[in-house]
Amino acid sequence: MDGKLKRAILHYFFPNRCPECGELLDAEGYFCETCTADMNVYSGQTEIDGAAGFFAAFDYDENVKNSIYLLKSGNGAMAARAFSHYLAEVIREGIPDVIDIITSVPGHKRKVRIRGYDQTRLIADALSEELGIPSDNKIIVKVKAIPEQKKLSADDRKKNVIDAYKVVSPEKVKGRTILLIDDICTTGSTLNEITSLLVRSGAERVFCAVCCKTPPPEKSSV
Ligand SMILES: [Zn+2]
């Protein structure tokens, strides 16, 4: 079944709504016009150690708060689809290289169990569909239970992620160009850590992409 027909059938049973404000959209819609106009397109500069580039669709602020909440609430398919659509545009424009595989930062195990899915995986898979590039979410695993990053200071975030992840399929990474996905980037410590693991496993290039990037700490309003 082609994607358009699948969307139309899904829309019949589960009407498509704007993940930010709940407004009813047509089957092909992502965010409604009003919410799209309010959302701040990311225009900052973020360096991830060892990465060939960093991309984000939007600033993480009050205009995307509901969609991020929805993404993490157990009913995140519409938000993942909408964010991925805009992130795909940024990636098409920003990465001239051929990307071999899309992979994702593994989520917090307990939360994934409660929610029933890993939202970062959901984004990677939706992005895979948008870009026509295969996704493989089994390349990286979390090997250490760590406290949630959002509760920690920037310094503690860096320490927290050391040795927390492992590349379990280095053969899938060697000599390849990888697009590493996360939902939100704050200090970048998780992306730094996983990028360096992928590079050490022989990745040719690693690009990082997230739905939303938090503004620098002094400007943060969320
Ligand atoms: Zn809306």
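For clarity, every value in this text was computed on a predicted model and none was experimentally measured.

(A) Spotlight on the packing of helix H7 (residues 154–161) against helix H9 (residues 189–200). Look at H7 against H9: their axes get within 9 Å of each other, and the N-to-C directions meet at 30 degrees. With respect to their mutual orientation, H7 and H9 come out roughly parallel. Relative to H9, H7 is oriented so that their crossing is right-handed. Each of Arg 157, Lys 158 and Val 161 in H7 lies in contact with H9, whose residues at this interface are Ser 189, Thr 190 and Glu 193. Broken down by class, the residue content of the contact of H7 with H9 amounts to 1 nonpolar, 2 polar and 3 charged.

(B) Highlighting helix H6 (residues 119–131). Its 13 residues give H6 an end-to-end C-alpha distance of 18 Å, which sits within 8% of 18 Å, the value for a rise of 1.5 Å per residue. Of all the residues in H6, the buried ones are Gln 119, Thr 120, Ile 123, Ala 124, Ala 126, Leu 127, Ser 128 and Leu 131. The elements touched by buried residues of H6 are helix H3 (65–71), helix H4 (77–94), strand S2 (101–104), helix H5 (109–115), strand S5 (177–185) and strand S6 (205–213). The first or second residue beyond H6 is Gly 132, which carries a positive phi of 65 degrees.

(C) Molecular detail of the coordination of the zinc ion. At 2.3 Å from the zinc ion lie its protein donor atoms, namely Cys 18 (SG), Cys 21 (SG), Cys 32 (SG) and Cys 35 (SG). With 4 donor atoms in place around the zinc ion and angles of 102 to 118 degrees between them, the coordination shape is tetrahedral. Cys 21 gets classed as partly exposed once you look at its relative accessible area, which sits at 44%.

(D) Here's a closer look at the packing of aromatic side chains. For the structure on display, the rule yields 8 aromatic pairs. Aromatic pair Tyr 42 and Phe 54: ring centres 5.8 Å apart, planes at 75 degrees, arrangement edge-to-face. In this pair, Tyr 42 sits in the loop between helix H2 (33–38) and strand S1 (53–59) while Phe 54 sits in strand S1, placing the two residues 12 residues apart along the sequence. Phe 54 gets classed as buried once you look at its relative accessible area, which sits at 10%. Of the aromatic side chains, those joined through ring pairs into one cluster are Tyr 30, Phe 31, Phe 58, Phe 83 and Tyr 86.

Conventions used here
Residues numbered from 1 in each chain as written. Predicted model: local features only at pLDDT ≥ 70, side-chain atom pairs only at ≥ 80, totals over all residues. Heavy atoms only, no water. Axes fitted to C-alpha atoms, helices over the stretch in contact; angles between N-to-C directions. Helix = DSSP H or I, 4+ residues; strand = E, 2+ residues; numbered from the N terminus. Parallel < 35°, antiparallel > 145°, perpendicular 65-115°, else oblique. Left-handed = near helix turned anticlockwise from the far one by under 90°. Contact = heavy atoms within 4.5 Å. Nonpolar A, V, L, I, M, F, W, Y, C, P; charged D, E, K, R; others polar. Expected span 1.5 Å × (residues − 1). Buried < 20%, exposed > 50% of the residue type's maximum accessible area, 1.4 Å probe, protein only. Donors = N, O, S within 2.8 Å, 3.2 Å for Na, K, Ca; no water. Tetrahedral: all angles 85-135°; square planar, octahedral: opposite > 155°, others 65-115°. Phe/Tyr/Trp six-rings, centres within 6.5 Å; stacked < 30°, edge-to-face > 60°.

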